[in-house]
There are 2 protein chains.
Amino acid sequence: MSRIAYVNGRYVPHADAAVHVEDRGYQFADGVYEVVLVYDGAMVDELPHLDRLDRSLGELRIAQPMTRPALRSVMRELLRRNRIRTGLIYMQVTRGVARRDHPFPKNAEPALVMTAKRIALPAAAAIENGVKVISIRDIRWERCDIKTVALLPNVLGKQQAREAGAHEAWQVDDAGCVTEGTSTNAWIVTKDGELITRSANQSILNGITRLSLLRLAEQEGLRFVERSFTLEEAKQAREAFISSATAFVTPVTQIDDAVIGNGKAGSVGLGLRRAYLDYAAGAGRTA
Amino acid sequence: MSRIAYVNGRYVPHADAAVHVEDRGYQFADGVYEVVLVYDGAMVDELPHLDRLDRSLGELRIAQPMTRPALRSVMRELLRRNRIRTGLIYMQVTRGVARRDHPFPKNAEPALVMTAKRIALPAAAAIENGVKVISIRDIRWERCDIKTVALLPNVLGKQQAREAGAHEAWQVDDAGCVTEGTSTNAWIVTKDGELITRSANQSILNGITRLSLLRLAEQEGLRFVERSFTLEEAKQAREAFISSATAFVTPVTQIDDAVIGNGKAGSVGLGLRRAYLDYAAGAGRTA
């Protein structure tokens, strides 16, 4: 069965999914996106993702391409046509097609593209060993709270990580504090057991999984605080991990040359990962 | 006659010019571009534009989509098919189409899109009156020297200008210095007649027209210096103007609420505009 994509009102074979070269997403990165996890046949944190999409659109003053019920209906039809039980929905909304000129065009209609794919969850052993991250300077713009497709700095950072044999790059601001990974939020657990992640302002994307993990941490009675932490503090941490809709909780066992904890996944991260998967299979689902 | 575009090896009607939704230009702003002026049937500063395209591609480690002779041949064929005497060539190169994932894909071929359009030059009276610019904070990333399609901050800044009844927005860094406009370089002439434009580092795009103007200024025996200038210095200047391949030299007669000089185009800017148009019609041309 071939993959099907949704492009501006039509379901088309993935290979034929195309947009005009003057779609402002292509020429100006003038668009936003969301990635929604599909877990065991249901969407996880669907409504928070759609709320954030609305917020991103609002920040850029791009009109909503369709009503929320219509959007949710397209998501479901796309899953059905692609027969996906566990995978991802990617959706992108841009300001639409217009003759190239920087200001907002007067008559463009927002464009909506949606794709879906299956994913395989990582093996338990891979999770136990954790991943390596490197640190890089955060060179991005000052509105990282908007989930835009202007992802080039993130691409360059992720590539730098891969070439260093690492899974992710943690971006470090001028104050020496970790902002976030290139596609994940960053977390540490201090030696005295406190869970820390940066508070959400314009310097990071307020991850939907990040928010779910904060709620789960509270439910589990963990001590946690949202505050900035330095790279050095992270290297001294007992545990570290990253979160995203696709990474869930992925333990970090090395930051640059520093081994974190005993070099294996820590108990707080593993506990939150289990709690998140329970949540994804239960309270977080929308059929 | 309908417009023709060039898309990855084919000349197609402009309306049919499309790229795949997984072109990395669309999902990651993972691409670069150039805009080349066509003036009276010939391209202006063609080779410097192609040199800068090569540099941008090199900085992002995107392979060149074709040899330079082939690229120049496509440019000429596109002009011929669109019967353009005075206009613009827009060319965009992206890292190509690949399943969505941040790192550089292993097997993607760079994608090349080229469009062309006619433009009309502004009337002399409009030039004489100059344009208004507003000042905004520069919130962009730290590699503004690369001419990428990650233009969202520029779009937002230009829109802000338009809503303020202005033509352009000058971006101001943390030190209070003007970096550049959202699609133009910024220039001032001090009260004692010195021409100033910011020196080219990673905080601005090194405009091709900017470079030509510096050479012309030298040929004309103007006193000039490449250095940063504050917004306040600009508001006190005798003259101000902006430059780009499409703006040439456009006088600025108001910055925020400050009227520049006597509120009409200044002599240094007008002289450089004439010199540039002579250059465009002569030494700067490639047939």
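Cut-offs applied
- Counting from 1, residues in each chain are numbered in the order their sequence is written.
- Chain labels run from A onward and ligand labels from 1 onward, assigned in the order the entries are written.
- Totals for whole chains, interfaces and linings use every residue, but because this is a predicted model, local features are given only for residues with pLDDT of at least 70 and side-chain atom pairs only at 80 or more, for both listing and counting.
- The basis for every side-chain value is the complete set of non-hydrogen atoms in the structure, without hydrogens or water.
- A run of DSSP states H or I qualifies as a helix once it reaches four residues; a run of E qualifies as a strand once it reaches two. Both are numbered from the N-terminal end.
- Note on method: radius of gyration uses C-alpha positions; expected globular size equals 2.2 Å times residues raised to 0.38.
- Only protein chains enter the accessibility calculation, which uses a 1.4 Å probe; a residue whose area is less than 20% of its type maximum is buried, one above 50% is exposed, and one in between is partly exposed.
- We call two residues in contact whenever any of their non-hydrogen atoms come within 4.5 Å of each other.
- What sets the accessible areas is the Shrake-Rupley method with a 1.4 Å probe; for residues, cover comes only from the shown protein chains.
- Only four residue types enter the charge count, namely Lys and Arg as positive and Asp and Glu as negative; His and the chain termini do not.
- Charged side chains are reduced to one point each, which is NZ for Lys, CZ for Arg, CG for Asp and CD for Glu.
- Centres within 6.5 Å are what make two rings of Phe, Tyr or Trp a pair, Trp counting through its six-membered ring; a difference in plane orientation under 30 degrees is then read as stacked, over 60 as edge-to-face, and the rest as tilted.
- A ring has a charge above it when a Lys NZ or an Arg CZ is no more than 6 Å from the ring centre and no more than 35 degrees off the ring normal.
- The domain boundaries here were taken from an automatic or database domain assignment.
- Summed over both partners, the accessible surface that disappears when two parts come together, traced with a 1.4 Å probe, is what is meant by buried area.
- A pairing counts as a salt bridge when a side-chain nitrogen of Lys or Arg comes within 4 Å of a carboxyl oxygen of Asp or Glu.
- Gly counts as polar in this scheme, as do all residues outside two lists: the nonpolar Ala, Val, Leu, Ile, Met, Phe, Trp, Tyr, Cys and Pro, and the charged Asp, Glu, Lys and Arg.
- Superposing the copies works by least squares over the C-alpha atoms of residues that have pLDDT at least 70 in both of them.
- To estimate the expected span of a helix, count its residues, drop one, and scale the result by 1.5 Å.
- DSSP calls a pair of strands paired once it identifies at least 2 bridges connecting them.
- Think of each axis as a best-fit line through the C-alpha atoms, taken over the contacting stretch in the case of a helix, with angles from 0 to 180 degrees between the N-to-C directions.
- Here the word oblique covers every angle except those under 35 degrees (roughly parallel), over 145 (roughly antiparallel) and from 65 to 115 (roughly perpendicular).
- In this text, buried Ala, Val, Leu, Ile, Met, Phe, Trp, Tyr and Cys residues form a nonpolar core when linked through side-chain atoms within 4.5 Å.
- Two N or O atoms count as a polar contact when they lie within 3.5 Å, although within protein this holds only if one can serve as hydrogen donor and the other as acceptor, and sequence-adjacent residues are included solely when both atoms are side-chain atoms.
- By definition, disulfides here are pairs of cysteine sulfur atoms that lie within 2.5 Å.

Thoughts on the overall build of chain A
Inference 1: Within chain A, the regular secondary structure consists of eight helices and 17 strands.
Inference 2: Relative to the compact-globule value of 19 Å for 287 residues, chain A shows a C-alpha radius of gyration of 19 Å, a close match.
Inference 3: Taken over the C-alpha atoms alone, chain A extends approximately 55 × 40 × 35 Å along its principal axes.
Inference 4: Split into buried and exposed, the 287 residues of chain A put 60% on the buried side.
Inference 5: For chain A, the proportion of contacts with a sequence separation of at least 24, taken over those separated by at least 6, is 71%.
Inference 6: Total accessible area computed for chain A in this model is approximately 11200 Å², and 49% of it derives from carbon and sulfur atoms.
Inference 7: When the 38 positive and 34 negative side-chain charges of chain A are each reduced to one mean point, those points stand 5 Å apart.

Examining the packing of aromatic side chains
Inference 1: The final tally for this structure, using the stated rule, is 12 aromatic pairs over all chains.
Inference 2: Aromatic pair W187(A) and F241(A): ring centres 5.3 Å apart, planes at 15 degrees, arrangement stacked. Taken together, the positions of W187(A) in strand β11 (residues 185–189) and F241(A) in strand β14 (residues 239–244) put the pair 54 residues apart, joining distant regions of the chain. For the residue pair W187(A) and F241(A), the accessibility class agrees, reading buried in each case.
Inference 3: Connected via pairs of aromatic rings, a cluster forms that spans F248(A), Y276(A) and Y279(A).
Inference 4: Looking at R95(B), its charged tip hangs above the ring of F104(B), at a distance of 3.5 Å from the centre.

Some remarks on the domain arrangement of chain A
Residue and element names in this part refer to chain A.
Inference 1: In terms of domains, chain A is made up of domain 1 (4–118) and domain 2 (124–286).
Inference 2: Summarising the inter-unit geometry, the C-alpha centres of domain 1 and domain 2 are found 26 Å apart.
Inference 3: Across the boundary between the two partners, domain 1 contributes 26 residues, which contact 25 residues of domain 2.
Inference 4: Interface of domain 1 and domain 2: buried area, both sides summed, is about 2100 Å²; carbon and sulfur atoms make up 59% of it.
Inference 5: Across the domain 1-domain 2 interface, the total number found is two salt bridges.
Inference 6: For D145, the salt bridge identified is with R55, shortest N-O distance 2.8 Å.
Inference 7: A total of eight residues in the side of domain 1 that touches domain 2 trace back to one element, the largest contributor, which is helix α2 (residues 46–60).
Inference 8: Grouping the amino acids of the side of domain 1 that touches domain 2 by side-chain chemistry returns 13 nonpolar, four polar and nine charged.

Some remarks on the interface of chain A and chain B
Inference 1: With 58 residues of chain A in contact, the opposing surface of chain B contributes 59 residues.
Inference 2: Overall, the association of chain A and chain B removes approximately 4900 Å² of surface from exposure, summing both partners, and the carbon and sulfur fraction of that is 59%.
Inference 3: Ranking the residues of chain A by area buried against chain B places Y26(A), H102(A) and L152(A) at the top, with a combined share of 16%.
Inference 4: Here chain A and chain B share four salt bridges between them.

Describing the relation of the copies chain A and chain B
Inference 1: Each copy of the sequence occupies a distinct position, and chain A is placed on chain B by a rotation of 180 degrees and an axial shift of 0.0 Å, giving an RMSD of 0.0 Å. A rotation of that kind, with that shift, is consistent with a two-fold axis.
Inference 2: Here 100% of the contact residues of chain A are again contact residues in chain B; the copies associate through an equivalent surface.

Comments concerning helix α5 (residues 152–163) of chain A
Inference 1: Compared with the 16 Å implied by 1.5 Å per residue over 12 residues, the 17 Å span of α5(A) between its first and last C-alpha is a close match.
Inference 2: Among the residues making up α5(A), those that are buried are L152(A), P153(A), N154(A), V155(A), G157(A), K158(A), Q159(A) and A161(A).
Inference 3: Of the surrounding elements, those touching the buried residues of α5(A) are β8 (131–137) and β9 (168–172) of chain A together with α1 (24–28) and α2 (46–60) of chain B.
Inference 4: The first or second residue beyond α5(A) is G165(A), which carries a positive phi of 75 degrees.

As for the sheet that holds strand β1 (residues 4–7) of chain B
All names here are of chain B.
Inference 1: Ordered by their spatial adjacency, seven strands build an open sheet running β2-β1-β7-β6-β4-β5-β17, and the pairing between neighbours is antiparallel. Lying at the two open borders of the sheet, with one neighbouring strand each, are β2 (10–13) and β17 (285–286).
Inference 2: Bridging between strand β5 (residues 42–44) and β17 involves two bridges; their strand directions are antiparallel. When the bridges of β17 are listed, M43 appears paired with T286.
Inference 3: The sheet strands contacting helix α8 (residues 267–281) are β4 (31–39), β5 and β17, and the helix crosses β4 at an angle near 90 degrees.

Thoughts on the packing of helix α6 (residues 208–219) of chain B against α8(B)
Two quantities define a packed helix pair, namely the angle between the helix axes and the distance between the axes.
All names here are of chain B.
Inference 1: Following both chains from N to C, one finds α6 and α8 inclined at 105 degrees, their axes separated by 10 Å at the closest point. In this view, α6 runs roughly perpendicular relative to α8, as classed from their interaxial angle. When α6 is examined against α8, the residues T209, S212, L213, R215, L216 and A217 are found in contact with a partner set consisting of L272, A275, Y276 and Y279.
Inference 2: Across the contact of α6 with α8, the residue classes break down as seven nonpolar, two polar and one charged.

Points about the nonpolar core
Inference 1: Residues L272(A), Y276(A), L272(B) and Y276(B) are the most contacted members of the largest nonpolar core, which totals 62 residues.
Inference 2: Beyond its immediate chain neighbours, meaning those up to four positions away, Y276(B) contacts L37(B), V44(B), D45(B), T209(B), S212(B), L213(B), L216(B) and F248(B).
Inference 3: Listed in part, the 29 residues of the second largest apolar core include Y6(A), L79(A), I89(A) and L152(B).

Overview of the side chain of N154(B)
Residue and element names in this part refer to chain B.
Inference 1: Position of N154 among the secondary structure elements: in helix α5 (residues 152–163).
Inference 2: Assessed through its relative accessible area of 6%, N154 is described here as buried.
Inference 3: Looking at N154, its side chain comes within polar contact range of the main-chain oxygen of T182, at 2.8 Å.

Details of the state of the cysteines
Inference 1: Summed over all chains, the structure comprises zero disulfides over all chains.
Inference 2: Unpaired in terms of disulfides, C144(A) finds its nearest cysteine sulfur in C144(B), a separation of 13 Å.
Inference 3: Taking the relative accessible area as the measure of exposure, C144(B) reaches 9% and is therefore buried.

Quick look at unusual backbone geometry
All names here are of chain A.
Inference 1: Positive phi, close to 50 degrees, is recorded for D40, a residue that is not glycine.
Inference 2: Mapped onto the elements, D40 comes out in the loop between β4 (31–39) and β5 (42–44).
Inference 3: Residue D40 is classed as partly exposed on the basis of its relative accessible area of 42%.

Some details on the pattern of salt bridges
All names here are of chain A.
Inference 1: Taken as a whole, this structure holds 46 salt bridges over all chains when the rule is applied.
Inference 2: A salt bridge links D30 to R95; the shortest N-O distance between them is 2.6 Å. Pair noted here: D30 is in the loop between α1 (24–28) and β4 and R95 is in the loop between β6 (87–94) and β7 (111–118), with a separation of 65 residues, a long-range link.
Inference 3: The buried category is assigned to R95, whose relative accessible area is 6%.

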